[in-house]
Amino acid sequence: MNSPAFPAFPEGFVFGAATAAYQIEGAAAEDGRGPSVWDTYSRLPGRTAHGHTGDVACDHYHRYPEDIALLKDLGVTSYRFSIAWPRIRPQGSGPANPAGLGFYDRLVDELLAAGIEPAATLYHWDLPQALEDRGGWRVRESAELFGEYAGIMARRLGDRVPRWITLNEPWCSAFLGYAVGRHAPGAREGTPALAAAHHLLVGHGHAVSALRAEGVREVGITLNPDWNVAATGSDADRAAVVRADTQHNLVWTDPLFAGVYPATEHETWQELIENQDFRREGDLDLISQPLDFVGVNYYRPTVVADAPYREADPALRTASDNRYREVEYPGVRHTAMGWPVVPGTFTQLLVAMRQRYGDRLPPVHITENGSAEHDVLSPDGQVHDASRVQYLADHLAALRAAMDEGVDVRGYYVWSLLDNFEWALGYDKRFGIVRVDFETQARTPKASYHWYRELIAAHR
Ligand code: IFM
């Protein structure tokens, strides 16, 4: 195939690659790491594909020097990784585990020696199980302990890690975790999922305060806003888009960037907006502290159609019963995740965020973008993942278009450096630009790795 053209980015634009602790580290029971909710959940029958767990994953805990060598050869300016809270505080509270701190010390030092800026995410879904046993994100204590843990990490690594992300995709933690039960801890609850959403935001606020107190350079949060498209032009489907936007996007972005919860006609969400006992005076001030950047993870648009509530009695409805349903995006390619590929929606989403919040929207880093494909290891030993290359080229061009329309985007992190544990879908879905053979742990850079490497080199 002919390689797609490289979009041009301004000088200083950050090119990176991203991963997350539970998806790559393995060594789940080593050096004093405590269990996380994902260790527990992945062992429940039928919750992950083939019963896969993150016990070994990419064995990055032992192979990180090899992975950093791949990053160095790729030429990225920054690497986004996450810190496993249960490695640092195995019980979620109490003394820090020196071996856990030592691992991230070594990782950061090796990155810096390779000329790569570390970007650390404090929470990519691996809540210490001990905290889940005390209520998890349903209770305020987890938010407070998250702030303490942020302080521990900032004191330890703040001199060497310039970019800090508090939470990754809190929508998934709250709603996949506590409303529909597709992620750990697997709860299918109503209002407690709304409390979890609120406590995640409060936890973010405590972490921002702790990171600021240690004087770290940049603080942000990573969200996964949806671009919701109405299935038809009907008023009912357009109203469904408003509900989907509220539930998926505004519940995060309005408190963070406008210091309010969104006004909505949506009965389920009214619960969140009205005075709940989990909300306290001053929470919104804590949550809306200014940030240096917002991380945006974007993969695909979502088509929504009006649908009846599944539960007729409002008192019995859960937070996942939102009077809309997702439908197929017709006529476009779908990735191995079944996700529609419509790169122009990436531009639309970023421009819409900028329009809604104006200058209150901080500069943006794209902290994840990429695609799972049906990769094949060819007889020549290579992975010719042309569809992933095209996906990346088209999304980078769409990103560039958003910048041309005035969105201040400072960086782009491909998801992911490595094939890894794709949560409930186990190891079946491959997002890496480097193939991982999970039997031998051999790493093979794919065509997309080589393409991205050339794109980065073209900007030097
Ligand atoms: O693998 C995940 C990642 O952990 C969070 N964002 C989406 C990715 C692909 O599903």
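Structure first, text after, so check above.
On a predicted model such as this, the values are computed, not experimentally measured, just so you know.

**Some details on the packing of helix α14 (residues 386-404) against helix α15 (residues 447-458)**
So, step 1. Remark: α14 packs on α15, axes separated minimally by 8 Å, with the N-to-C direction vectors making an angle of 35 degrees. Contacts between α14 and α15 involve Arg 388, Val 389, Leu 392, Ala 393 and Leu 396 from the former and Ala 447, Ser 448, Trp 451 and Leu 455 from the latter.
So, step 2. Looking at side-chain class alone, the contact of α14 with α15 contains seven nonpolar, one polar and one charged residues.

**Some thoughts on the packing of aromatic side chains**
So, step 1. A full pass over the atoms with the stated rule returns 36 aromatic pairs.
So, step 2. Ring geometry for Phe 175 versus Trp 252: centroids 6.4 Å apart, planes at 70 degrees, classification edge-to-face. With Phe 175 in helix α8 (residues 170-178) and Trp 252 in helix α10 (residues 235-258), this residue pair connects regions lying 77 residues apart in the sequence. Pair check on accessibility: Phe 175 and Trp 252 agree, each one buried.
So, step 3. For the pair Tyr 412 and Tyr 452, a centre-to-centre distance of 6.3 Å together with 65 degrees between the ring planes defines the contact as edge-to-face. With Tyr 412 in strand β11 (residues 409-415) and Tyr 452 in helix α15, this residue pair connects regions lying 40 residues apart in the sequence.
So, step 4. Among the aromatic side chains, those forming a connected cluster through ring pairs are Tyr 22, Trp 38, Tyr 41, Trp 125, Phe 421, Trp 423, Tyr 427 and Phe 438.

**Let's talk about the sheet that holds strand β6 (residues 227-230)**
The pairing of strands in a sheet comes from backbone hydrogen bonds and takes either a parallel or an antiparallel form.
So, step 1. Here we have three strands laid out as an open sheet, ordered β6-β8-β9, and mixed in their pairing. Each end of this open sheet is capped by a strand with a single partner; those strands are β6 and β9 (324-327). Each adjacent strand pair in this sheet contributes to an overall mean axis angle of 45 degrees, direction not counted.
So, step 2. Here α10 sits on the sheet and contacts β6, β8 (301-306) and β9; the angle it forms with β8, its principal contact strand, is near 125 degrees.

**Focus on the site of the ligand**
So, step 1. Neighbouring residues of the ligand: Gln 23, His 124, Trp 125, Asn 168, Glu 169, Tyr 299, Trp 339, Glu 368, Trp 415, Glu 422, Trp 423 and Phe 431.
So, step 2. With respect to the ligand, the side chain of Glu 422 contributes an N or O atom lying 2.5 Å from an oxygen atom.
So, step 3. Here an oxygen atom of the ligand and a side-chain polar atom of Trp 423 are 2.8 Å apart.
So, step 4. If the ligand stood free it would expose 280 Å²; the protein chains cover 94% of that surface.
So, step 5. Per-class residue counts for the shell around the ligand are six nonpolar, three polar and three charged.

Rules and cut-offs
Residues numbered from 1 in each chain as written. Predicted model: local features only at pLDDT ≥ 70, side-chain atom pairs only at ≥ 80, totals over all residues. Heavy atoms only, no water. Axes fitted to C-alpha atoms, helices over the stretch in contact; angles between N-to-C directions. Helix = DSSP H or I, 4+ residues; strand = E, 2+ residues; numbered from the N terminus. Contact = heavy atoms within 4.5 Å. Nonpolar A, V, L, I, M, F, W, Y, C, P; charged D, E, K, R; others polar. Phe/Tyr/Trp six-rings, centres within 6.5 Å; stacked < 30°, edge-to-face > 60°. Buried < 20%, exposed > 50% of the residue type's maximum accessible area, 1.4 Å probe, protein only. Pairing = 2+ DSSP bridges. Near = heavy atom within 4 Å. Polar contact = N/O pair within 3.5 Å; in protein donor to acceptor, adjacent residues only side chain to side chain. Areas by Shrake-Rupley, 256 points an atom, 1.4 Å probe, with all protein chains shown as cover.

Such coordinate-based values are descriptive only and should not be taken to indicate function.
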